[in-house]
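# Topology and contacts: notes
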Amino acid sequence: MRRARPGAPPRGTANRALTSVGAGVDFDRNPLPSDTAEREPVTTAEEESPQSRLWHITLSVSGTETPLAEIRRGLEQLAHDHPFLLTSRYAGDHAEIRYWEEARDLHDAAAVALRLWGEHRSSARLPPWEIVGLEVIDRETYHLRVAEGYGPPPASPVGVHPY
């Protein structure tokens, strides 16, 4: 009989990781038992999880007047830290950041966008401004708006620019 604390792993297994072994190509995931005519197919997590999509994000921030050089330097650092940043426009008391985000749905894309400014505020030395606007649209809607001549124009030139 082995003596150990309840719930303690067996000796020599503390650093070992569990691995899975494939069942093989001839393994039937849905065998039909003799007493059942049909059975619901077994689905995998991959089949159930929705595919991620691209979302166009426009994040607007505003706050107290800040020197333009500090804002520009902070937005350039943010673009370096967040490589999917398309363009930023700024003035002394507000800025707009536009970029593409990959996410499962609008809720996830919006959640990431709402954290962007706060999470990079200290590393990029951004002004202590608050988020005052957020637009999240899917790729198809973005391209439809641009094709019809309304909505956000294509993000060119890419980079950080004053208003």
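Residues numbered from 1 in each chain as written. Predicted model: local features only at pLDDT ≥ 70, side-chain atom pairs only at ≥ 80, totals over all residues. Heavy atoms only, no water.

### Focus: the nonpolar core
Judged by nonpolar contacts, the single largest core of 23 residues is most densely connected at I57, L75, L78, I97, Y99 and W117. Of all the elements in the fold, those that place two or more residues in this core are strand 1 (53–62), helix 2 (68–81), strand 2 (85–90), strand 3 (94–103) and helix 3 (106–120). The dominant element in this core, judged by the number of residues it contributes, is helix 3, at five residues. Beyond its immediate sequence surroundings of up to four residues, I97 is in contact with I57, T58, L59, L75, L78, L85, T87, S88 and W117. (Core = buried A, V, L, I, M, F, W, Y, C linked by side-chain atoms within 4.5 Å. Buried < 20%, exposed > 50% of the residue type's maximum accessible area, 1.4 Å probe, protein only. Helix = DSSP H or I, 4+ residues; strand = E, 2+ residues; numbered from the N terminus. Contact = heavy atoms within 4.5 Å.)

### Things to note about the sheet that holds strand 1
Judged by pairing direction, the sheet is mixed, and its five strands sit side by side in the order 4-1-3-2-5 without closing on themselves. Looking along the sheet, the strands with just one partner apiece sit at the ends: strand 4 (130–138) and strand 5 (159–162). The average undirected angle you get between the axes of adjacent strands in this sheet is 15°. The pairing of strand 1 with strand 3 spans ten bridges and is antiparallel. Residue pairing for strand 3: I57 is matched across the bridge by Y99. (Pairing = 2+ DSSP bridges. Axes fitted to C-alpha atoms, helices over the stretch in contact; angles between N-to-C directions.)

### Description of the side chain of S88
With respect to the helices, strands and loops of the structure, S88 is situated in strand 2. Apart from the residues lying within four places of it in its own chain, the contact partners of S88 are L75, E96, I97, G159, V160 and H161.

Just distances and angles here, no functional claims.
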